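Structural features, examined
The primary structure of each chain is shown beneath.
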Amino acid sequence: MNEQKERGVSAAQNSFRTAEVFVRDDLKLHTVPVTGLGRPDIPEDMRVRWQSSLSLFTPVLGICSGTIMRVRDNGVEVFLRSGEPLPAYTAGAFFPFNTRSYCENAIGLNRFVIMDISEEQHAPGSPVCYCGIPLRWEDGSFFGTLCLFSRDCQFKEDDVHPPLSELASSIEKDLELLYRRQGWSEENDRYAKAMEAVLQYSPGGIFSYSAEEDEQFSYISDNMLAFLGYTLDAFVRKFANR
């Protein structure tokens, strides 16, 4: 029971950590939970599915660019992007926390945000409007944000909030599934190690033999090898294919 409790505490501690993000609305730093070191990486099949959804989503809304940002170290990075390239938002671009980035504002407020950024973008063709929504793990800690940029006009909340929320919800369901997969894998590993201990340290020794599968030994414990007076290599050489 104590071992199970310790594992649960350890997993909880590794699932998130805290970070300070700058919120423009009140010009203050907010302490928030973000992706911890114990979280699994995003698998390739999930990454491809998110990229496909983002690539379809961007032109439907008539916006210039969309990004999925994820927390890394003490900031956020461009994990996936679609639409027209934006110089500051190339794949892998990193934005440290407490630098007034648009994404940390959405994380700090923990809600959908729309921001007029026209006065901050001076290069020709720069976006004039930003909207973003947080992406969260199953425990509420922040994975990152889903962001949209427009060059032509200001976003209208009624137009972008519902579809953006729907896509964010789909991504969060994938994150929850990933968390559950990790739990199943860890539980299977613990079970396998426990069974290995039972098999190896059983006082009388244990072996597994199948007469139906070419009369092969599929397992033999160290105790049984010691009882018979064989090393594993010697046992295999003597009894293989018999």
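Now for a description of the structure that goes with this document. As the structure is a prediction and not an experimental result, all values here were calculated from the model. (Residues numbered from 1 in each chain as written. Predicted model: local features only at pLDDT ≥ 70, side-chain atom pairs only at ≥ 80, totals over all residues. Heavy atoms only, no water.)

Quick notes on the nonpolar core
Formed by 27 residues in total, the largest nonpolar core has its most connected members in I42, W50, I68, F143, L146 and L164. Those elements that place two or more of their residues in this core are α2 (44-60), β4 (75-83), β7 (129-136), β8 (142-150) and α4 (157-201). (Core = buried A, V, L, I, M, F, W, Y, C linked by side-chain atoms within 4.5 Å. Buried < 20%, exposed > 50% of the residue type's maximum accessible area, 1.4 Å probe, protein only. Helix = DSSP H or I, 4+ residues; strand = E, 2+ residues; numbered from the N terminus.)

Overview of α2
Spanning 17 residues, α2 covers 25 Å between terminal C-alpha atoms, matching the ideal 24 Å at 1.5 Å per step. Among the residues of α2, M46, W50, L54, F57 and T58 are the ones counted as buried. Mapping the buried residues of α2 onto a view down its axis gives an arc of 95 degrees, with all of them on the same face. Of the exposed residues in α2, those oriented more than 90 degrees away from the buried face are E44, L56, P59 and V60. G62, located one to two residues past α2, shows a positive phi value of around 65 degrees. (Expected span 1.5 Å × (residues − 1). Arc of directions from axis to C-beta.)

What about unusual backbone geometry?
A positive phi angle is found at R100, which is not glycine, with a value near 65 degrees. Given the relative accessible area of 42%, R100 is considered partly exposed. Of note, the phi angle at N110 is positive, near 55 degrees, even though the residue is not glycine. Structurally, the position occupied by N110 is in the loop between α3 (102-109) and β6 (113-116).

Notes on α3
Across the eight residues of α3, seven count as buried, placing the element largely inside the fold. The set of residues buried in α3 consists of Y102, C103, E104, N105, A106, I107 and G108. N110 sits one or two residues past α3 and shows a positive phi near 55 degrees.

A short note on the packing of aromatic side chains
Counting across every chain of the model gives seven aromatic pairs. Ring centres of W50 and F143 lie 5.8 Å apart, and the angle between their planes is 80 degrees; on these two criteria the pair is classed as edge-to-face. Of this pair, W50 sits in helix α2 while F143 is found in strand β8, placing the two residues 93 residues apart along the sequence. According to the relative accessible area criterion, F143 is buried, its value standing at 3%. Among the aromatic residues, those joined into a cluster by ring pairs are Y89, F95, Y102, Y130 and F149. (Phe/Tyr/Trp six-rings, centres within 6.5 Å; stacked < 30°, edge-to-face > 60°.)

Quick notes on the pattern of salt bridges
Per the counting criterion, the structure on display carries 12 salt bridges. Ionic pairing is found between R49 and D174, a salt bridge with its closest N-O pair at 3.2 Å. Here D174 lies in helix α4 and R49 lies in helix α2, a separation of 125 residues in the sequence. On the basis of relative accessible area, R49 is assigned to the partly exposed category, the value being 37%. On the basis of relative accessible area, D174 is assigned to the buried category, the value being 11%. The partner of E84 in a salt bridge is R151, with the nearest N and O atoms 2.1 Å apart. (Salt bridge = Lys/Arg side-chain N within 4 Å of Asp/Glu carboxyl O.)

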